[in-house]
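# Notes for the structure review
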Amino acid sequence: MLNFDEQRYVRIQSGAVNLAHPIREALSKELSNGIENIYFAGAGGVNFLMQPAARLLQTKSTFPTYIEMSAELVNSGSANLGANSLVVFPTVSGTTKEALAALEFARAKGARILTLTAKADTPLAQKADINFTNYCADDTSSENFYLQALLIALAIMDIRGEIDDYDEVVSQIQRLPELLVTVKEAFEPRAEAFALEIKDEQHHIMTGSGSVWFEAWYYGMCILEEMQWIWTRPVHASDFFHGTLELLESDTSVILLKGEDEQRELADRVERFAPTVTNKLRVFDSKEFALDGISDRVRALISQIVLAAAFERLSVHLEAVREHPLTTRRYYKKGDF
């Protein structure tokens, strides 16, 4: 595979899934000590990576769960944030100024702080009450943070007696590092072909539903826009029919991500409609990938992780065929704004 180090990848994702026990142990202590709600409050793209797990808690657990944008949390506060809150901040750099400001704000309200970082010697790691560090970089961070957030959600549900198969689910999740390599291998030819197909296209609508909606949102903003300077319009598959459908013409690019949870039918609706107008509907379905030993129940929890692993291959091929390095920036971290 182009520009891929399998051993490095498996090592990083194994580091993420091996945090299952430490995460559950830490959360058991926090809940025993009076934590009554949880906030996911990252800044930028990593905050999207927390949201499938946050939505799992919001829909399958009665534990109060909030999703906040760090900058807005500081400006507006939250009526439920206080001494009985646990606030989770994910970060690759460990220095994101909006997240640091929100961390200090939450701490001033008496909240406990949990950070997920790529480096232990960074402010967001060192200022936390609880820190889990697992080295990652841009090309491995999506799966890493999706996995850690999912383990947080599952641990809370298990501690509260809201799931009865925690050990089996976690056991299957811990098989993923090697299985995600097979996903990448299977997707490599399509990634190369699709990169060539769209290398000169400058506008895309990206859509999806359920957990993979957050991957569509993340990939559109953080990869196509930030790293490739390609205009995208991320829109939830349900909202697609409340405005965005009017943009469709015969050559409008629609990139549809399909997952395997109960929201799949919302993506099916886009898949039925879009081809009646455009000849550029591109569908990417987690269901197409073989995952030996992974049950349908767990597949529904990890669709966003599977597609993130696959789409990293697309990123590598786009970088090559467009001669536009993924690390190139015009403005980001180049000034104080």
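Relevant structure appears above.
The present account deals with the structure reproduced in this document. (Residues numbered from 1 in each chain as written. Predicted model: local features only at pLDDT ≥ 70, side-chain atom pairs only at ≥ 80, totals over all residues. Heavy atoms only, no water.)

## Examining the pattern of salt bridges
- Scanning all chains against the criterion turns up 22 salt bridges.
- In this structure, Lys127 and Glu104 form a salt bridge, with 3.1 Å as the shortest nitrogen-oxygen distance. Of the two residues, Lys127 is situated in the loop between α6 (123-126) and β5 (130-133) and Glu104 in helix α5 (residues 97-108); the sequence distance between them amounts to 23 residues.
- The class of Lys127 is partly exposed, set by a relative accessible area of 34%.
- Its salt-bridge partner being Lys184, residue Glu143 comes within 3.9 Å of it at the nearest N-O pair. Taken together, the residues span a long stretch of sequence, with Glu143 in helix α7 (residues 138-159) and Lys184 in helix α9 (residues 176-198) at a distance of 41 residues. One exposure class covers both Glu143 and Lys184, and it is buried. (Salt bridge = Lys/Arg side-chain N within 4 Å of Asp/Glu carboxyl O. Helix = DSSP H or I, 4+ residues; strand = E, 2+ residues; numbered from the N terminus. Buried < 20%, exposed > 50% of the residue type's maximum accessible area, 1.4 Å probe, protein only.)

## Remarks on the sheet that holds strand β6 (residues 203-208)
- The four strands are arranged β7-β6-β8-β9 in an open sheet whose pairing can be described as parallel. Looking at which strands have only one partner, the edges of the open sheet turn out to be β7 (231-236) and β9 (281-285). Each strand of the sheet is rotated relative to its neighbour by a mean of 20°, with strand direction disregarded.
- The sheet contact formed by β6 and β7 spans six bridges and is parallel. Its bridge partner being in β7, Gly208 is matched across the sheet by His236.
- Its contacts with the sheet put helix α11 (residues 264-273) on β6, β7, β8 (254-258) and β9, and the angle it makes with β8 is roughly 155°. (Pairing = 2+ DSSP bridges. Axes fitted to C-alpha atoms, helices over the stretch in contact; angles between N-to-C directions. Contact = heavy atoms within 4.5 Å.)

## Let's talk about the packing of aromatic side chains
- Applying the stated criterion across every chain, the model contains 12 aromatic pairs.
- Aromatic pair Phe187 and Phe284: ring centres 5.9 Å apart, planes at 70°, arrangement edge-to-face. Separated by 97 residues along the polypeptide, Phe187 in helix α9 and Phe284 in strand β9 bring together distant segments of the chain.
- A relative accessible area of 5% places Phe187 in the buried class.
- Ring geometry for Phe240 versus Phe241: centroids 5.4 Å apart, planes at 65°, classification edge-to-face.
- On the basis of relative accessibility, which here comes to 0%, the residue Phe240 falls in the buried class.
- Residue Phe241 is classed as buried on the basis of its relative accessible area of 15%.
- Among the aromatic residues, those joined into a cluster by ring pairs are Phe187, Phe194, Tyr219, Phe284, Phe289 and Phe311. (Phe/Tyr/Trp six-rings, centres within 6.5 Å; stacked < 30°, edge-to-face > 60°.)

## Details of helix α2 (residues 20-32)
- Here α2 is 13 residues long and its end C-alpha atoms lie 18 Å apart, about the 18 Å a rise of 1.5 Å per residue gives.
- Within α2, burial applies to Ala20, Ile23, Ala26, Leu27, Glu30 and Leu31. Each buried residue of α2 sits inside an arc of 140° when the element is viewed along its axis, so together they form one side. When the buried face of α2 is taken as reference, the exposed residues oriented beyond 90 degrees from it are His21, Glu25, Lys29 and Ser32.
- The secondary structure elements touched by the buried residues of α2 are α1 (6-17), β3 (85-91), β4 (112-117), β5, α7 and α8 (166-173). (Expected span 1.5 Å × (residues − 1). Arc of directions from axis to C-beta.)

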